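Close look at the chain arrangement
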Amino acid sequence: MATKSALTQQLGVVVGFDDPRVDLEQYRTPPELAAHLVHTADLQGDVEGKTVVDLGCGTGMLALGAALRGPESVVGLDIDPAPLATARENERRIATASAVSWVRGDATEAPLCPDTETTVIMNPPFGAQQGNEHADRAFLATAADIADVSYSIHNADSADFVEAFAGDNGGEVTHAFRAEFDLPHSFDFHDQERRNIDVEVFRIEW
Ligand code: SAH
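The structure reproduced in this document is the subject of the present report. All of these numbers come straight from a predicted model, not from anything done at the bench.

Details of the environment of A141
- Note on placement: A141 falls in helix α5 (residues 136-146).
- Considered as a pair, A141 and D18 are 123 residues apart in the sequence and their alpha carbons are 29 Å apart.

Some thoughts on the sheet that holds strand β5 (residues 149-155)
- Here we have seven strands laid out as an open sheet, ordered β3-β2-β1-β4-β5-β7-β6, and mixed in their pairing. Each having just a single partner strand, β3 (100-104) and β6 (172-183) make up the two edges of the open sheet. The mean inter-strand angle of the sheet, taken between neighbouring strand axes irrespective of direction, is 20°.
- Of the strands in this sheet, β4 (118-122), β5, β6 and β7 (195-205) are in contact with helix α2 (residues 31-43), which crosses β6 at around 160°.
- Taken strand by strand, helix α4 (residues 81-94) contacts β2 (73-78) and β3, and its axis lies near 170° from that of β3.

Section: the pattern of salt bridges
- Across all of its chains, the model carries six salt bridges by this definition.
- With a shortest N-O distance of 3.4 Å, E200 and R178 are connected by a salt bridge. On the criterion of sequence distance, the pair formed by E200 in strand β7 and R178 in strand β6 is long-range, its members being 22 residues apart.
- Of the residues examined, R178 reaches a relative accessible area of 70% and is grouped as exposed.
- Connected through salt bridges with shared partners, the residues D46, R203 and E205 form a single ionic network.

Some points on the side chain of N123
- Counting through the fold element by element, N123 comes out in the loop between β4 and α5.
- According to the relative accessible area criterion, N123 is buried, its value standing at 14%.
- A polar atom in the side chain of N123 sits 2.8 Å from the side chain of T29.
- The residues touching N123, leaving out its near neighbours within four places in the chain, are Y27, T29, L55, L62, I153 and F181.

Notes on a negative patch on the surface
- A cluster of acidic residues, D157, D160, E163, E180 and D198, forms a negative patch on the protein surface.
- Residue placement: D157 occurs in the loop between β5 and α6 (159-168).
- On the basis of relative accessible area, D157 is assigned to the exposed category, the value being 73%.

Analysis parameters
Along each chain, residue indices are assigned from 1 in the same order as the chain's sequence is written. Side-chain atom pairs in this predicted model are given and counted only at pLDDT of 80 or more, local residue features only at pLDDT of at least 70, and totals for whole chains, interfaces and linings cover all residues. For side-chain calculations, the full set of non-hydrogen atoms in the structure is used, while hydrogens and water are omitted. Each helix is a run of DSSP H or I of at least 4 residues and each strand a run of E of at least 2, with the numbering of both proceeding from the N terminus. Each pair of strands is called paired provided DSSP finds at least two bridges between the two strands. In this analysis an axis means a line fitted to C-alpha atoms, helices contributing only their contacting stretch, and an angle means the value between N-to-C directions, from 0 to 180 degrees. Working rule for contacts: check all heavy atoms of both residues, and any pair within 4.5 Å makes them a contact. Note on definitions: salt bridges are taken to be side-chain nitrogens of Lys or Arg within 4 Å of carboxyl oxygens of Asp or Glu. The buried label applies to any residue whose accessible area, calculated with a 1.4 Å probe on protein chains only, is under 20% of its type's maximum; exposed applies above 50%, and partly exposed to all values in between. We call two N or O atoms a polar contact when they sit within 3.5 Å, provided that within protein one can donate a hydrogen and the other can accept it, with sequence-adjacent residues counted only if both atoms are side-chain atoms. Put simply, a patch holds well-exposed residues, over 30% relative accessible area, that have no salt bridge, with like charges counted together within 9 Å and Val, Leu, Ile, Met, Phe, Trp or Tyr side chains within 5 Å. The Shrake-Rupley method, run with a 1.4 Å probe sphere, supplies the accessible areas, and residue values consider only the shown protein chains as cover. In this charge count, Lys and Arg are treated as positive and Asp and Glu as negative; neither His nor the chain ends contribute. Note on charges: their place is set at NZ of Lys, CZ of Arg, CG of Asp or CD of Glu.

Structural measurements only, silent on function.
As structure tokens, then:
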């Protein structure tokens, strides 16, 4: 298996959102965090030979990370066609061995029904901006429907919510780790140039 730092370096060329939409909470996951998530998933045996689905894939950071680690197939799904076009360019830039299927669709409608062992990876909208708490709930519901295992990024202090949601839907949180998310100045209402937000990543067996 290649190292995490090699993966971080490869993902460094993944371009983010041209014109990020606030309503869809479009932030690119930093390459370090994406590499950490994918490498951890790979060590757990959740990538190689699996169908990997990135719900809300944006410009493809997580899907492309998975595509570099020998999956059976990768699907990147997003509701907005603009970042999907960038994701295709990113795929060409990285030249992954496995091709990614980029699909436009609503991740909250469980639009896929994979027939092989499936791992969902995602950095869903948190709902924090709109005061619409736990917009990530509907994404977790899709993971519960289609995945054997999921890895999801949430804002800090989500453990109680995620554990309760998993428990209510036949899942169990098996691993969790904290990370920092360096948010570039992409939205006008952010007054600082950059800021770090604390996030938590959960592995759930469904
Ligand atoms: N996964 C990417 C992008 C994260 S930002 C990365 O890690 O870099 C969240 C993404 O979810 C955005 O691309 C946004 O367009 C997408 N999104 C928001 N609501 C969605 C929905 N209902 N269905 C599918 N995608 C959605």
